[in-house]
Amino acid sequence: MRRLLTAFGAGIAAATLLAATPAVAEELHVMNSGGFTAAYKVLLPRFEASSGDHVDTAWGPSMGKAPEAIPNRLARGETADAVIMVGYALDDLIKAGKVRADSRVDLADSRIGVVVRAGEAVPDVSTPEKLKAALLAAKSVAYSDSASGVYIERELFKKLGIAEQMQGKGVMVQKTPVAEKVAAGEYALGLQQVSELLPVKGVSFAGKIPESLQSVTRFAGGVPVNAPHPEEAKKLLMYMAAPDAAKDVRSTGLDPLVH
């Protein structure tokens, strides 16, 4: 009897130990658009260290015709555990049945800024009048093919009354970060979300465009309907939206949603 009880007790102990053992680390696949990149790169190593999971990342814009664009990747059948992108583009994927509606996590807000090549005179863009003057004075102006660029081309120039003057001078850049094109001297002035401008070397940051002209872009994450690891993916998104992440998110030029 004593041997039986001892064996029974050992079995309970083993079962308890097994239950306490951390889950097997998973290989997660994430598709991430440019605007949240800098914050993502700061937070990801910490998530991997705390969770034990490894994350493989594919990069691409939230919209547009480029093959790397997240909607185009999903349309081709590429698999992802999580996507991080412009909020309204994510909503389109939810409506299309590509992303689970109950998985949406708001991450941060992003505002548009201006850069010029390092060494060039930095324009004052602090008021609508000064921004207008800077755009008209620039020999060429570049903006992205994602959310901020669509707003600039379709609305900002019209609000400033310079839509006609910008025809032929304003260029929508695909795939490559706008600041890299400005740093290379291909364009005189570049506009994009601040979080995508600040990490690039070879440019000078002129500032955010005036708040009255801003188009605030909400970045959010979601879990595709065919995600291999949906629970782990949701934990990743919640980690990046947590209050503890706010300081790092703000340091990259984004506006965190928690303080």
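Per an unreviewed UniProt entry, the protein carries the name Molybdenum ABC transporter substrate-binding protein and comes from Pandoraea pnomenusa.

**Student:** Go over the packing of aromatic side chains, please, and point to the residues and values.
**Tutor:** For the structure shown, the criterion picks out three aromatic pairs. The interplanar angle of 90° and the centroid separation of 5.7 Å between the aromatic rings of Tyr40 and Trp59 together place this pair among those described as edge-to-face. Taken as a pair, Tyr40 in helix α2 (residues 37–51) and Trp59 in strand β2 (residues 54–59) lie far apart in primary sequence, 19 residues in all. Its relative accessible area of 0% is what places Tyr40 among the buried residues. Using a relative accessible area of 35% as the deciding quantity, one classes Trp59 as partly exposed. Measuring from centroid to centroid gives 5.8 Å for Tyr143 and Phe157, while their planes differ by 75°, and the two rings are edge-to-face.

**Student:** With reference to specific residues and values, describe the sheet that holds strand β9 (residues 203–208).
**Tutor:** Reading across the sheet, the five strands line up as β7-β6-β8-β5-β9 and stay open at both edges, with mixed pairing between neighbours. The open sheet has two free edges, formed respectively by β7 (170–173) and β9, since each of these has just one partner strand. For this sheet the average axis-to-axis angle between neighbouring strands, irrespective of direction, equals 30°. Relative to β9, strand β5 (residues 112–117) is paired through five bridges, and the arrangement is antiparallel. Paired with Arg117 across the two strands is Val203, which belongs to β9.

**Student:** Got a sec to walk through the pattern of salt bridges? Specific residues and values, please.
**Tutor:** A side chain of one charge can pair with a side chain of the opposite charge if their charged atoms are brought near each other. By the definition in use, this model includes 12 salt bridges. The partner of Arg218 in a salt bridge is Asp109, and the shortest N-O contact between them spans 2.3 Å. With a gap of 109 residues between them, Arg218 in strand β10 (residues 217–222) and Asp109 in strand β4 (residues 105–110) connect regions that are remote in the sequence. We classify Arg218 as partly exposed; its relative accessible area is 31%. Among the charged side chains, a network of salt bridges with common partners joins Asp91, Arg104, Asp106, Asp109 and Arg218.

Rules behind the numbers
All chains use their own residue numbering, which begins from 1 and follows the written sequence. The model is predicted, so local features are restricted to residues of pLDDT at least 70 and side-chain atom pairs to those at 80 or more, both for listing and for counting; the totals for chains, interfaces and linings are taken over all residues. Computation of side-chain values covers all heavy atoms of the structure but excludes hydrogens and water. Two aromatic rings from Phe, Tyr or Trp, using only the six-membered ring of Trp, form a pair when their centres are within 6.5 Å; if the ring planes differ by under 30 degrees the pair is stacked, by over 60 it is edge-to-face, and anything between is tilted. Numbered from the N terminus, helices here are DSSP runs of H or I no shorter than four residues, and strands are runs of E no shorter than two. With a 1.4 Å probe rolled over the protein chains alone, any residue whose accessible area is under 20% of its type maximum counts as buried; one over 50% counts as exposed, and the rest are partly exposed. A pair of strands counts as paired when DSSP detects no fewer than two bridges linking them. Every axis in this analysis is a line fitted to C-alpha atoms, fitted for helices over the stretch in contact. Angles between the N-to-C directions lie between 0 and 180 degrees. Salt bridge, as applied in this entry: a Lys or Arg side-chain nitrogen positioned within 4 Å of an Asp or Glu carboxyl oxygen.

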